[in-house]
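Architecture and fold: a report
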Amino acid sequence: MKLTGAKILIECLKKEGVEVIFGYPGGQVLPIFDALYDADMRFILTRHEQGAAHAADGYTRATGRTGVCLATSGPGATNLTTGIANAYMDSIPMIAITGQVKSFLIGNDAFQEADVTGITRPITKHNYLVKDVKDLAKTIHEAFYIASSGRPGPVLIDIPSDIQQQEAEFIWPEEIDIRSYKPTSFGHPGQMKKAAKMIASAKKPLIYAGGGVIISGAYHELKKLTEKLNAPITWTLMGIGCFPSTHKLSLGMLGMHGTVYANHAIMEADLILAVGARFDDRVTGRLDKFAPYAKIIHIDIDPTSISKNVKVDIPIVGDAKNILGQLVEDINKVPDTSEWLKTIETWKKKSPLKYHDKKDIIKPQYVVEQIYKATKGKAVITTEVGQNQMWAAQWYQYDYPRTFISSGGLGTMGFGFPAAMGAKIGAPDKIVFDIAGDGSIQMNIQELGTCVANKINVKIAILNNGYLGMVRQWQELFYKKRYSYTTMTNPDFVKLAESYGAVGIRVTKKEDVLKAIEKAISIDKVVLIDFKVEEEENVFPMVPAGEALNRMIEGLA
Amino acid sequence: MRHTVAVLVENKFGVLARIAGLFSARGYNISSLAVSETLDPTISYMTMVVDAEDEKILEQIKKQLNKLIDVIIVTDFTKKNHIDRELMLAKIGYSAKDKAKLDGVLDKIGAKAVQRGNDTAIIEMIGDQDEIRSLLEALKQFGIKELVRSGRIAIAKE
């Protein structure tokens, strides 16, 4: 049967199991939108293409299924780019579909033309410009395979509008074989044996886990291994949820705003088992002082992540789920960690995560704790970027994967709200809370319109301190309190929410915090809560940029 | 250090840009580049010469090259026993009275004149970098008016 390119696209998306597309129409995607008009496919019209990209990303992070966003050529496509770069940095499988000007006009500076494959080349895992409608089905199938396999990432497909209109026989290619792309999924047996031996002889082993554990679905395998070794475990921001925070072996997050004891553990460990993490600079602090006594085993699916920042003793390339599962079986001798755990326990007692709670002022940390309490730890939390993100990471206890959704690598303000929208669509039965700052929420606040129109009932908690808080914190600590352009003049968020048709609640008293959160949860609507919090609160502990991990500012006496 | 890196890639548009992007994004210059089809017309072969003072960065670039979807094989010839060649064409000042002198230079180095005119001659040479450098040195006396060189190509020895 012959179909137009636009219809072939829709058929392919159905074959891939796509249930929702986030996007925005425009001149060069009119044929696709015409096909969507009577297609059996949910479409969410966002208010900005960036919102569509982040929503697709949030959907993926909440479900593990590849999210899809769609935009027109030129400005539509360039508006997607922040969202694409964001997904790329955090290895999120996503498909971005863009319209392009008619193929014979490409390169002529046609209206709304941009070289989108050129622009997105360094921020996609791969991208395609489709020049023949006969290639479309194969391209889409390949794109989904590439996006979701190996180290996942966004793949962009740029489709000129004449290709969308032309007809071709719709043939779904069942098999994909890309000769130049064969991701490794099982660990090298020799390396695995060496690793098992090294682990057995360790005295102070530490597991350092990252987002790769969540992506590969290795939650159970990691838990089994950690418990078998009886080893302490710490994780990155991206790794939050890869292991239960409330578990006795948990040290929480490490790095710049990690716990004191996690960072001490890194500096004292004699063996670090890194899984699906990439030794990012926010994690390692000063590189030449990082983990001075530790041998390092690094499990990662991406060979380019290995020995990139930190020299590794035993690299194991492959999928974390397979490798951890195998390691649990391979390890027959486990180290005695009782002394090591005792030492860590003293660190935990001496330097727990803390803040100065006050009676008359709402502390942002307190708000996050109350969200935890009200949702019993079962919510999906998304964050913006900055102090709100760090407090959300520190003061909510995450026990399950895919419950903490945050822009780790790119650090994109404005991510959390549209990501919450995508997450809620992917996980409709969960409470989804965006923990935001008053600065970052305004970067994509227009998506209130999308949420209300589509009854995507997410909850927003603004930790409103009237500042671009994280930058202000740095200015306070390292730039002599010269608060250069970090003060915000904000709108009335409650009225703003109401004008969109959402519910707005303002909280200025500590005793109203929990009540407001409970109320927000009980209302089956989009709810925005504006918490007026301590204005100059800082995120602690903190490792100043360029310092070793044990040189932490604890902030409190 | 100079590195000769070769990649076997899918013969498609955009592949060269992806590869070049890996170098340029890290502030590395590709000092020479040769691209051509292989016996299989769906595959091309690219040979690049790169100055990389930091081995770690080069190692990272090679891994990144391997990671590109369209790259099939990456070979670093730097530590491999190999033969490499470049093609050079040079237009030099020449008149009939220079014949004996020029022939002497060409015979000694193994180059040839592919065209001799009234004012200029065009010299062709196939050789490795050092051979071409010594030819250029010897041709300076005639005055080099134009010079074009291909990218380096390389092949591993047995």
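Criteria and cut-off values
Residues numbered from 1 in each chain as written. Chains lettered and ligands numbered in written order. Predicted model: local features only at pLDDT ≥ 70, side-chain atom pairs only at ≥ 80, totals over all residues. Helix = DSSP H or I, 4+ residues; strand = E, 2+ residues; numbered from the N terminus. Buried ≥ 20, exposed ≤ 12 C-beta atoms within 10 Å, placed from the backbone. Contact = placed C-beta atoms within 7 Å. Rg over C-alpha atoms; globule rule 2.2 N^0.38 Å. Domains from an automatic or database assignment. Nonpolar A, V, L, I, M, F, W, Y, C, P; charged D, E, K, R; others polar. Arc of directions from axis to C-beta.

Secondary structure summary: chain B contains 4 helices and 9 strands in total. Helices (α) and strands (β) of chain B occur, in sequence order from the N terminus, as β-α-β-β-α-β-β-α-β-β-α-β-β. Projected onto the principal axes, the alpha-carbon positions of chain B cover approximately 60 × 35 × 35 Å. Burial status across chain B gives 26% buried among its 158 residues. The long-range fraction of contacts in chain B, counting pairs at least 24 apart against all pairs at least 6 apart in sequence, stands at 74%.

Turning to the overall build of chain A, a few remarks are in order. A count of helices and strands for chain A gives 21 helices and 20 strands. A compact globule built from 557 residues should have a C-alpha radius of gyration of about 24 Å, and chain A, at 24 Å, falls within 12% of that. With respect to the principal axes defined by its C-alpha atoms, chain A has extents near 70 × 60 × 40 Å. Counting every position in chain A, which comprises 557 residues, the buried fraction comes to 57%.

Right, let's talk about the domain arrangement of chain B for a bit. A common way to express how large an interface is: the accessible area buried when the components associate. Residue and element names in this part refer to chain B. The domain architecture assigned to chain B consists of domain 1 (2-76) and domain 2 (85-156). Computed over C-alpha atoms only, the centres of domain 1 and domain 2 are separated by 29 Å. Breaking the side of domain 1 that touches domain 2 down by element, the ones donating at least two residues are β1 (2-10), β2 (30-37) and β3 (43-51). Residues belonging to the side of domain 1 that touches domain 2 are distributed by class as follows: 4 nonpolar, 3 polar and no charged.

As a further point, take unusual backbone geometry. All names here are of chain A. The omega torsion across F540 and P541 is -5°, close enough to zero to call that bond cis. Examined against the element boundaries, P541 turns out to sit in the segment after β20 (527-532). You will see that S91, though not glycine, has its phi angle at about 55°, which is positive. Looking at the element boundaries, S91 is found in the loop between α4 (75-89) and β5 (94-100).

Residue and element names in this part refer to chain A. Listed as buried for helix α19 (residues 469-478) are G469, M470, R472 and Q473. Down the axis of α19, the buried set is contained in an arc of 155°. They therefore lie on one face. Buried residues belonging to α19 abut α16 (387-395) and β17 (432-437). Positive phi shows up at K480, right after α19, with a value of about 55°.

Turning our eyes to something else, we now look at the environment of E142(A). Residue and element names in this part refer to chain A. In this fold, E142 is placed in helix α6 (residues 136-148). Assessed through the 21 C-beta atoms surrounding it within 10 Å, E142 is described here as buried. The sequence separation of E142 and I178 amounts to 36 residues, and the corresponding C-alpha distance is 8.2 Å. If near-sequence neighbours (up to four positions away) are discounted, E142 is found in contact with I176 and I178.

Contacts between the two partners involve 14 residues from chain B, matched on the other side by 12 residues from chain A. Of the residues forming the side of chain B that touches chain A, the biggest block, 4 residues, is contributed by helix α2 (residues 55-67) of chain B. For the side of chain B that touches chain A, a count of residues per class yields 5 nonpolar, 4 polar and 5 charged.

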